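The chain contents come next:
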Amino acid sequence: MPRNLVRENGWVALRLPNDSVKVLQVVPNTTIALGKYGSFPSNLIIDRPFHLTYEVQDKREGESFSRLRVVPGTELNAAALAETNANEESEDVDADDAVLVPDEGEELTLVDESGKVLVRSKKEILDDTARQTLTADEIEELKRNGTAAGQELIAKLLLSHTALEQKTAYSLAKYKLLKTKKYIRRFTVLPLDISRLAQWQLEERDASKILEIREEMLGLIGCWADVHYAAPPAEGDAESGPHSGRWLMVDDTGGLLVGAMAERMGILHQAPKEDSSWSAEIASKDNETTVPADQASTSKAQLGHERPEASVDEERPRKRRPQASDFDIHYAPNNTITLIHQNPQANLSLLKHYDYDHADPNPTYPYHPLFTNLLPLTWLQLLQPEDDLTYSEDPPDVTAEELASWKTTRRGNYHRKRRRWARTRHIVDQARAGGFCGLAVASTMDPVSILRNTLPLLAGGAPIAIYSPNIEPLSQLMDCFTVARRAAWISEPPPEIQGRSHEELDRWEGSPEFPINPTLLLGATVQTSRAKRWQVLPGRTHPLMTGRGGAEGYLFTGWRAIPVEGKVSARGKFTKKKTET
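Criteria and thresholds
Residues numbered from 1 in each chain as written. Predicted model: local features only at pLDDT ≥ 70, side-chain atom pairs only at ≥ 80, totals over all residues. Heavy atoms only, no water. Helix = DSSP H or I, 4+ residues; strand = E, 2+ residues; numbered from the N terminus. Buried < 20%, exposed > 50% of the residue type's maximum accessible area, 1.4 Å probe, protein only. Contact = heavy atoms within 4.5 Å. Areas by Shrake-Rupley, 256 points an atom, 1.4 Å probe, with all protein chains shown as cover. Axes fitted to C-alpha atoms, helices over the stretch in contact; angles between N-to-C directions. Parallel < 35°, antiparallel > 145°, perpendicular 65-115°, else oblique. Left-handed = near helix turned anticlockwise from the far one by under 90°. Nonpolar A, V, L, I, M, F, W, Y, C, P; charged D, E, K, R; others polar. Salt bridge = Lys/Arg side-chain N within 4 Å of Asp/Glu carboxyl O. pLDDT = per-residue confidence, 0-100. Pairing = 2+ DSSP bridges. Polar contact = N/O pair within 3.5 Å; in protein donor to acceptor, adjacent residues only side chain to side chain. Phe/Tyr/Trp six-rings, centres within 6.5 Å; stacked < 30°, edge-to-face > 60°. Lys NZ or Arg CZ within 6 Å of the ring centre and 35° of its normal.

**With respect to the overall build of the protein chain**
Here comes step 1: What the protein chain contains, in helices and strands, is 19 helices and 18 strands.
Here comes step 2: The 581 residues of the protein chain split such that 40% are buried.
Here comes step 3: Contacts in the protein chain between residues at least 24 apart in sequence constitute 72% of all its contacts with a sequence separation of at least 6.
Here comes step 4: As displayed, the protein chain offers around 33600 Å² of accessible surface, 50% of which is attributable to carbon and sulfur atoms.

Written out as structure tokens, the structure is:
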């Protein structure tokens, strides 16, 4: 199904009249409740385009559900169109416009979109203290028995206002806007991109789970880390250069940072089935049979180099679907995200909104791009892989006869452990080899300790972007790379580094005076940014003076530097030119 249509079991964002966002999964044959704005069957928006504005209509006689009406653009922009054509007189009246007939004894004042009084009340005596003649009970009665999805109620509120002709254009526009947000029963269906998910999580849910990171900060991290789609390497080119498309990330935002970077790389959304990609190549291997147990040692030896071709065992018939080799690696060669996490399993709960289940190691085809392009590993596996049993313990080799004698459950556990070992081995070896072209971090961990263990894994000139809700951790990190500290390191190196090679200095554990090698990073800066919301009304356009509180959020940026070997000296013959006096 095209991505511009609402699909079954997909996630969408509904923008309500009060500017709030409701994120939900469109499950077929269910009812979507919008609170005071009403409810409707979910099937009415499935297979419909995004960015349409609907109006929840009143229930028809004999029906137990509300229907939806697509609101045309001319109606949505009626106020702007009326203001544009205020000087043009028109006698044509739309036959579809509803005409409100005052009740017996009701005296109203009618005002058009521009604020011009069309019909004045003939009532001679008005109560100056009662600008709105409708009482609260009458408004509630109109809400219960009203029609036209709240439009009649808004019109009666305008007609019942005794001082409407005294309002300025700004005051009238603001009054209508407030009443529309309160009573109109409309909503807009929008695709759930990362920016809307971040806004919803920040304003409607628990902001601390995403470290109170704002949309503009997500954009800054992606720009400063230079996250983008990288073309696949040329055939036969196995070198990992600075533009190989491999990024290193530390994410404590529930997967929001990973999703934002994956969106920039074009691997967040699942591709159509007919697309040719790395997952299609992996799926073709699923049709091959399992490698016999006597060839398992050869497959282990080839792990991390060429993928072994599965041999066909034609003697024994297969009753179930054959699978690829346990040691076949399904990860893509480039455009990958290597995620370092501190828990046994990475917290990527927010990626469920994009149909990615990080807890399923064997999904069905067509594979999600993150299944082939996201490589998670723990800090223990990165720093001390031999202490991790999943990495260090080789799965035992079992003969084909012995494997056939086992029960189905035991045989399944055997294959699952072998596949997990192969995946872990590949991810850890690739990560420790380094050569990453960028680092993006959003974590509560000490940024000094993060850089101490990740800087050696970056290629020369690789950009770095580290987000923190507070400025204090980044200020301490900034102090580690000041010009004065770098000059002190070069002029009077600490005695602990005497006799060490450049590789050892890159992974130096640090000291109280030099927490990290200050020559490994250039252009260190700390910045912040906040995009203000604007009020746009006639004569009153200005940024809003109030907004959500919480952490401001700061970003540390820099570039990986490769220290020069030996001394730098200038050579050549230089002559002093004579100058005319």
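**Looking at the packing of helix H6 (residues 194-203) against helix H8 (residues 256-265)**
Here comes step 1: In contact at an axis separation of 10 Å, H6 and H8 are set at 160° when each is read in the N-to-C sense. Classified by the angle between their axes, H6 and H8 sit roughly antiparallel to one another. The interaxial crossing formed by H6 with H8 has left-handed handedness. Contacts between H6 and H8 involve Ile194, Leu197 and Ala198 on the former and, on the latter, Leu256, Gly259, Ala260 and Glu263.
Here comes step 2: Its residues assigned to classes, the contact of H6 with H8 comprises 5 nonpolar, 1 polar and 1 charged.

**What about the pattern of salt bridges?**
Two side chains that carry opposite charge are able to pair once their charged atoms sit near each other.
Here comes step 1: Under the counting rule described, the total for this entry stands at 11 salt bridges.
Here comes step 2: Between Glu55 and Arg69 there is a salt bridge, and its shortest N-O distance comes to 2.9 Å. Remark: Arg69 occurs in strand E6 (residues 68-70) and Glu55 occurs in strand E5 (residues 53-56); sequence separation between them is 14 residues.
Here comes step 3: Here Glu55 falls in the buried class, since its relative accessible area comes to 3%.

**Observations regarding the confidence of the model for the protein chain**
Here comes step 1: With 71% of its residues at a pLDDT of at least 70, the protein chain reaches an overall mean of 79.
Here comes step 2: Considering only residues more than four positions removed or in separate chains, one finds that residues 89-100, a stretch of pLDDT under 50, has 4 contacts.
Here comes step 3: Here residues 286-299 is a poorly scored stretch, pLDDT under 50, and it has 39 contacts once near neighbours within four places are set aside; other chains count.

**A word on the sheet that holds strand E2 (residues 21-25)**
Here comes step 1: The antiparallel open sheet is built from 5 strands, whose spatial order is E2-E1-E9-E5-E6. Looking at strand neighbours, the two that pair on one side only are E2 and E6, the edges of this open sheet. Adjacent strand axes in the sheet meet at a mean angle of 35°, parallel and antiparallel pairs treated alike.
Here comes step 2: Two strands pair when backbone bridges link them, and E5 and E6 are joined in this way by 3 bridges, in the antiparallel orientation. When the sheet's bridge partners are listed, Val56 is paired in E6 with Leu68.
Here comes step 3: Across the sheet, H6 lies against strand E1 (11-15), E2 and strand E9 (186-191), angled at about 110° from E2, the strand it touches most.

**Topic: the packing of helix H7 (residues 215-224) against H8**
Here comes step 1: In contact at an axis separation of 10 Å, H7 and H8 are set at 55° when each is read in the N-to-C sense. The pairing of H7 with H8 is recorded here as oblique in orientation. Of the two possible hands of crossing, H7 and H8 adopt the one that is right-handed. The segment H7 lies against H8, with Leu218, Gly219, Ile221, Gly222 and Cys223 engaging Leu256, Leu257, Ala260, Met261 and Arg264.
Here comes step 2: For the contact of H7 with H8, a count of residues per class yields 7 nonpolar, 2 polar and 1 charged.

**Some details on the side chain of Ser443**
Here comes step 1: Inspection of the secondary structure assignment puts Ser443 in the loop between strand E13 (439-442) and helix H16 (447-454).
Here comes step 2: Using a relative accessible area of 5% as the deciding quantity, one classes Ser443 as buried.
Here comes step 3: Separated by 2.5 Å, the side chains of Ser443 and Asp252 make a polar contact.
Here comes step 4: Looking at Ser443, its side chain comes within polar contact range of the main-chain nitrogen of Met445, at 3.0 Å.
Here comes step 5: When neighbours within four sequence positions are excluded, Ser443 is seen to be in contact with Leu211, Val250, Asp252, Ile450 and Tyr467.

**Here we look at the environment of Ala462**
Here comes step 1: With respect to the helices, strands and loops of the structure, Ala462 is situated in the loop between H16 and strand E14 (463-468).
Here comes step 2: Between the alpha carbons of Ala462 and Trp247 there is a distance of 9.6 Å; along the sequence they are 215 residues apart.
Here comes step 3: Setting aside its immediate chain neighbours within four residues, Ala462 contacts Phe436, Cys437, Gly438, Gly558, Trp559 and Arg560.

**What to know about the packing of aromatic side chains**
Here comes step 1: Scanning the model with the defined rule gives 8 aromatic pairs in all.
Here comes step 2: Their ring planes at 10° and their centres at 4.8 Å tell us that Phe40 and Phe187 sit as a pair that is stacked. In this pair, Phe40 is assigned in strand E4 (residues 39-41) and Phe187 in strand E9, connecting sequence segments 147 residues apart. Each member of the pair Phe40 and Phe187 is classed as buried.
Here comes step 3: Ring geometry for Trp489 versus Phe514: centroids 5.3 Å apart, planes at 80°, classification edge-to-face. A residue pair is termed long-range when its members are at least 10 positions apart, and Trp489 in helix H18 (residues 483-491) and Phe514 in the loop between helix H19 (502-506) and strand E15 (521-527) qualify at 25 residues. When sorted by exposure, Trp489 lands in the same class as Phe514, which is buried.
Here comes step 4: Through pairs of rings, three or more aromatic residues link up here, namely Phe40, Tyr54 and Phe187.
Here comes step 5: Here the basic side chain of Arg410 rests over the ring of Trp406, its NZ or CZ set 4.0 Å away from the ring centre.

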